[in-house]
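Per-entry structural report
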Amino acid sequence: MSHSMPQKKVICVIGVTGNQGSSVAQRFIQDPTYHVRGLTRDPSSSKAQELAAQGIEVVQANLDEVSTLQVVFAGANIIFSVTNYWEPFWRSDCRQKAAERGISCRQYAYEIELQQGKNIADAAAQHVDSLEDNGFIVSTLSHAQKSSRGEYRELYHFDAKADVFPDYVANNYPNLAGKMSCVQTGYFMSSYKLIPDAYFKKTNDGSFWMTFPTAPHVTVPHLDVNADMGNFVYAVSKMPPGRSYMAEGTTCSWTEYMRLWSEVNSVPAVYRQASLEEFVLGSPDAEFGREAGDMLAYSTNPGYDGGDKSLLKASDIRQAGIDCPMTSLEQFMKKENWLNVLQKT
Ligand SMILES: NC(=O)c1ccc[n+]([C@@H]2O[C@H](COP(=O)([O-])OP(=O)(O)OC[C@H]3O[C@@H](n4cnc5c(N)ncnc54)[C@H](OP(=O)(O)O)[C@@H]3O)[C@@H](O)[C@H]2O)c1
């Protein structure tokens, strides 16, 4: 290597084959001062091969095995962390194990995600010296049980994240905590695909109804995760450490969401608040209905962000003079192909 070419900084991206991690990798690979190392359980998958062909170093690691993380974090200047509650939630072998233990699949998935987060923190702590000042950027959500003062004790996919990021890190690894940025993520704009009938129920007269257990005028954050998570995390990496963020392109009510959607598609569409019970009954999977329903009800009070008004958004990052382009909900709706929703019978 010539003297004029400084060594590249290494960013380790967890979940590189998924929505969040893939977006982060795509952003950092555009900056030639970074070497992107992406983690996957299966480097031979087609998605992993596609990333490798782009010049991303794809390495094998499993979040359930801390020793594999210790190896691949070596020499990291930045680690991007994300964990996936929904894989153990849905897997049939996990549902069977949960049943054998007499616990809900919701709680089972909580335990898996919690342990994966701890494994990431434990392994990152061993490499804290190579991390830059703001070198531990973690995707997380608000702590529902604490923020709601015990009203929501089973919003597992929130608390599994918040119990580790920031709590476990702060309590066990003060040096690592000093290099950490916590990034909460808004509702993914693409999530309508997971529960299309809850987002857009076609009625007999051809109009569409959204029925969630969130109050009609409460605002929630919306994120175009695939397009923007990378932009946001890249911008956060230029900020001082120790701050907490909400990654979102638009924050608005579900009423406003449906007004926009109606306008973009030129069809009548309205929001009507449902009760939690109604929402669970309308869900194809009752446990999913309970987990998502709790999130949507919690979004009313204390709020999706737990009522934390100090979270920094893209506009705050821009005010600090750092570029942070984000997709608005209207832009997302205009570029999205809604034919499958509009034409359903
Ligand atoms: N949907 C929403 O609206 C929304 C909103 C806010 C937050 N979230 C949160 O987003 C998270 C999911 O993020 P995402 O959408 O980016 O995930 P995703 O697209 O489902 O991808 C999951 C990623 O995690 C990796 N992974 C899973 N288990 C692993 C393990 N044991 N070891 C190593 N890697 C593992 C997968 O890699 P391989 O399969 O290649 O190993 C994959 O890259 C969830 O926890 C959810 O709560 C979702």
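In this report, we go over the structure that sits alongside the text. Each chain carries its own residue numbering, running from 1 in the written order of its sequence. Selection of residues for local features in this predicted model requires a pLDDT of at least 70, selection of side-chain atom pairs for listing and counting requires 80 or more, and totals for whole chains, interfaces and linings are taken over all residues.

1. With respect to the overall build of the protein
Starting at the N terminus, helices and strands are each numbered in turn, a helix being any DSSP run of H or I of at least four residues and a strand any DSSP run of E of at least two. Counting its secondary structure elements, the protein contains 17 helices and 13 strands. Here the globule rule is a power law, 2.2 Å times the number of residues to the power 0.38, and the radius of gyration is based on C-alpha atoms. Its C-alpha atoms give the protein a radius of gyration of 20 Å, near enough to 20 Å, the size a compact globule of 345 residues would have. Principal-axis analysis of the C-alpha atoms places the extent of the protein at approximately 70 × 45 × 40 Å. Looking at the protein as a whole, 44% of its 345 residues are labelled buried. C-beta atoms are placed from the backbone for every residue, and two residues are taken to be in contact when these atoms lie within 7 Å. Expressed as a percentage of contacts within the protein between residues at least 6 apart in sequence, the contacts between residues at least 24 apart total 74%. Three exposure classes are used, all based on how many other C-beta atoms lie within 10 Å of a residue's own C-beta (placed from the backbone): buried at 20 or more, exposed at 12 or fewer, and partly exposed between those limits.

2. A look at the site of the ligand
Here is the check we use: build the C-beta atom from the backbone, and if it is within 6 Å of the molecule or strand, call the residue near. The ligand sits among 27 residues. The nearest are G18, Q20, T40, R41 and F188. For the shell around the ligand, the secondary-structure elements that each account for two or more residues are helix 1 (19-28), strand 2 (34-40), helix 4 (86-90) and strand 7 (187-188). Counted by class, the shell around the ligand contains nine nonpolar, 14 polar and four charged residues. Three categories are distinguished: nonpolar for Ala, Val, Leu, Ile, Met, Phe, Trp, Tyr, Cys and Pro, charged for Asp, Glu, Lys and Arg, and polar for the others, with Gly belonging to the last.

3. Things to note about helix 5 (residues 92-101)
By the criterion of burial, helix 5 is predominantly exposed, with just one of the 10 residues buried. Positive phi shows up at G102, right after helix 5, with a value of about 70°.

4. Observations concerning the packing of helix 5 against helix 6 (residues 105-126)
Angle between the axes and distance between the axes are the two parameters that describe a pair of packed helices. Remark: helix 5 packs on helix 6, axes separated minimally by 9 Å, with the N-to-C direction vectors making an angle of 110°. The orientation of helix 5 with respect to helix 6, classified from their angle, is roughly perpendicular. Facing helix 5, whose interface residues are C94, R95, K97 and A98, helix 6 presents C105, Y108 and A109. Of the residues in the contact of helix 5 with helix 6, the class split is five nonpolar, no polar and two charged. Angles shown run from 0 to 180 degrees and are taken between the N-to-C directions of axes, each axis being a line fitted to C-alpha atoms and, for helices, limited to the stretch in contact. Small angles under 35 degrees read as roughly parallel and large ones over 145 as roughly antiparallel, with 65 to 115 read as roughly perpendicular and the rest as oblique.

5. Some details on the sheet that holds strand 12 (residues 250-253)
Each pair of strands is called paired provided DSSP finds at least two bridges between the two strands. Judged by pairing direction, the sheet is mixed, and its three strands sit side by side in the order 7-10-12 without closing on themselves. Looking at strand neighbours, the two that pair on one side only are strand 7 and strand 12, the edges of this open sheet.

6. With respect to the packing of helix 1 against helix 11 (residues 225-236)
Where helix 1 contacts helix 11, the two axes come as close as 7 Å, and the packing angle between them is 55°. By the angle between their axes, helix 1 is oblique relative to helix 11. Considering only the axes of helix 1 and helix 11, their crossing is right-handed. Taken together, the residues of helix 11 that come into contact with helix 1 (itself represented by N19, Q20, S23, V24, Q26, R27 and F28) are V225, N226, D228, M229, G230, N231, V233 and Y234. A class-by-class count of the residues in the contact of helix 1 with helix 11 yields six nonpolar, seven polar and two charged. Take the far helix as the reference: if the near one is turned anticlockwise from it by less than a right angle, the crossing is left-handed, and if turned clockwise, right-handed.

7. So, the sheet that holds strand 1 (residues 9-13)
The strand order across the open sheet built from seven strands is 3-2-1-4-5-6-11, with neighbouring strands paired in parallel fashion. The strands lining the two open edges of the sheet, one partner per strand, are strand 3 (57-60) and strand 11 (244-247). Adjacent strand axes in the sheet meet at a mean angle of 20° when their direction is disregarded. Sheet analysis places strand 1 next to strand 2, joined by five bridges and oriented parallel. Residue pairing across strands places V10 opposite H35, the latter belonging to strand 2.

8. Looking at the environment of R318
As for its position among the elements, R318 is in helix 15 (residues 314-319). When the C-alpha positions of R318 and A235 are compared, they lie 8.9 Å apart, and in sequence the two are 83 residues distant.

9. A closer look at the environment of D64
Relative to the helices and strands, D64 is located in the loop between strand 3 and helix 3 (66-72). As a C-alpha pair, D64 and M210 span 146 residues in sequence and 37 Å in three-dimensional space.

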